[in-house]
Amino acid sequence: MFKLTKTSTQMCTRNLRTTAGLFQRVPMSKFDPETDVRENLALLQKNVDVVKSRLRRPLTLSEKIVYGHLDEPETADIVRGESYLRLRPDRVAMQDATAQMAMLQFVASGIPRVAVPSTIHCDHLIEAQLGGDLDLNRAKDINSEVYNFLSTAGAKYGAGFWKPGSGIIHQIILENYAYPGIMLIGTDSHTVNGGGLGGVFVGVGGADAVDVMAGIPWELKCPKVIGVHLIGEISAWTSPKDVILRVADILTVKGGTGAIVEYFGPGVNSLSCTGMGTICNMGAEIGATTSIFPYNERMARYLNATERGDIARSLTTTNTCWKAMKVQSMTKLLRLTCLS
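Residues numbered from 1 in each chain as written. Predicted model: local features only at pLDDT ≥ 70, side-chain atom pairs only at ≥ 80, totals over all residues. Heavy atoms only, no water.

Draft legend 1. Fine view of unusual backbone geometry. Phi is positive for Thr252, close to 70°, though the residue is something other than glycine. Relative to the helices and strands, Thr252 is located in the loop between helix 8 (240-251) and strand 14 (259-264). (Helix = DSSP H or I, 4+ residues; strand = E, 2+ residues; numbered from the N terminus.)

Right, dumping it as structure tokens:
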């Protein structure tokens, strides 16, 4: 149950600091030991400093991550809701239904290897009909040609391949590739699930994925920012889904269009990391570009549980990255109170 206060223009921000320089190389996960999280965050901070000096105002959490991935932060035109940003995402993820055309287009480009770390996930072509094992075997039989193409194309062009039965794309990303500060685009509308671990995750079409894999900057209309201030604690009678259902009730199915939804406030700490992922996942239903939560102890515990404790240790919850510190202009602010 929630109480609501709505203000058109309010202020909120977060202080971005990384302790990356204090640590040695920090691999993303055991499945991608080559990606150095410390290095990525250092570049992010450098770009954020450039943009802040130009705009001369504090930045919200999502702005720091989005603007921190600008192709040319020194000269980029940055106007919320108007200008188009040229961005350099860190990763690409593709589900098997959309990966087929994307990989065919990439092959046709003649480029020998993907320019950014990319993965293919075989989950969407498995139909739920008879039961887990039977459905999986049926999918392998019906889609054998597709799976063979995706696995061999991935091997040739440097894209990782998660075979059918390895899991749902969004959960695999959350457990292995998501971390605070990352920008990842995926060929599925619910890629936004990853915002539950403090990154900017955006669902795109296959053509956008091909551009990024080919080393071409990805264009995104500069998003507006909708803040959701959570007060109180989630009780035994309230679930994370209730939060996003209330937000959807307020904003409607198109109220988030062209905007990133940022959740913050003391109520965030009562949500689990996967609960935050659920809220971000359903943000697609209000048309939001994506949704995001600030880094906190719940995320640190999740990183440790998924064998990525090095990332958690490089992002301390006392000095870290994405904590609510000051007040910054947002396009819209909603206040939700969780009643126990």
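Draft legend 2. Layout of the packing of aromatic side chains. Under the defined criterion, the tally for this structure stands at 4 aromatic pairs. Ring centres of Phe106 and Tyr157 lie 5.6 Å apart, and the angle between their planes is 85°; on these two criteria the pair is classed as edge-to-face. Here Phe106 is found in helix 3 (residues 96-109), whereas its partner Tyr157 is found in helix 5 (residues 144-157), with 51 residues between them in sequence. Residue classification places Phe106 among the buried residues on the basis of a relative accessible area of 0%. Connected via pairs of aromatic rings, a cluster forms that spans Phe31, Trp162 and Tyr177. (Phe/Tyr/Trp six-rings, centres within 6.5 Å; stacked < 30°, edge-to-face > 60°. Buried < 20%, exposed > 50% of the residue type's maximum accessible area, 1.4 Å probe, protein only.)

Draft legend 3. View of the sheet that holds strand 10 (residues 183-186). The strand order 9-8-7-10-11 describes an open sheet built from 5 strands, whose pairing is parallel. At either end of the open sheet lies a strand with only one pairing partner, and these are strand 9 (160-162) and strand 11 (200-203). Between one strand axis and the next, the sheet turns by 20° as a mean value, whatever way the strands run. In the packing of helix 7 (residues 206-213) onto the sheet, the strands contacted are strand 7 (91-95), strand 8 (118-121) and strand 10, and the crossing angle to strand 7 comes to about 145°. (Pairing = 2+ DSSP bridges. Axes fitted to C-alpha atoms, helices over the stretch in contact; angles between N-to-C directions. Contact = heavy atoms within 4.5 Å.)

Draft legend 4. Local environment of helix 1 (residues 37-55). Between the first and last C-alpha of helix 1 there are 27 Å, a value that for 19 residues agrees with the 27 Å anticipated at 1.5 Å per step. Burial in helix 1 covers these residues: Val37, Leu41, Leu44, Gln45, Asn47, Val48 and Val51. The inward-facing, buried residues of helix 1 abut strand 4 (27-29), strand 5 (32-36), helix 2 (61-67) and helix 11 (309-313). Arg56 lies just past helix 1 and shows a positive phi near 55°. (Expected span 1.5 Å × (residues − 1).)

Draft legend 5. Here's a closer look at the packing of helix 3 against helix 7. Where helix 3 contacts helix 7, the two axes come as close as 9 Å, and the packing angle between them is 40°. Looking at the two axes, helix 3 sits oblique to helix 7. The hand of the helix 3/helix 7 crossing is right-handed. Across the interface between the two elements, Ala102, Met103, Gln105 and Phe106 from helix 3 touch Gly206, Ala207, Val210 and Met213 from helix 7. Here the contact of helix 3 with helix 7 is built from residues that sort into 6 nonpolar, 2 polar and no charged. (Parallel < 35°, antiparallel > 145°, perpendicular 65-115°, else oblique. Left-handed = near helix turned anticlockwise from the far one by under 90°. Nonpolar A, V, L, I, M, F, W, Y, C, P; charged D, E, K, R; others polar.)

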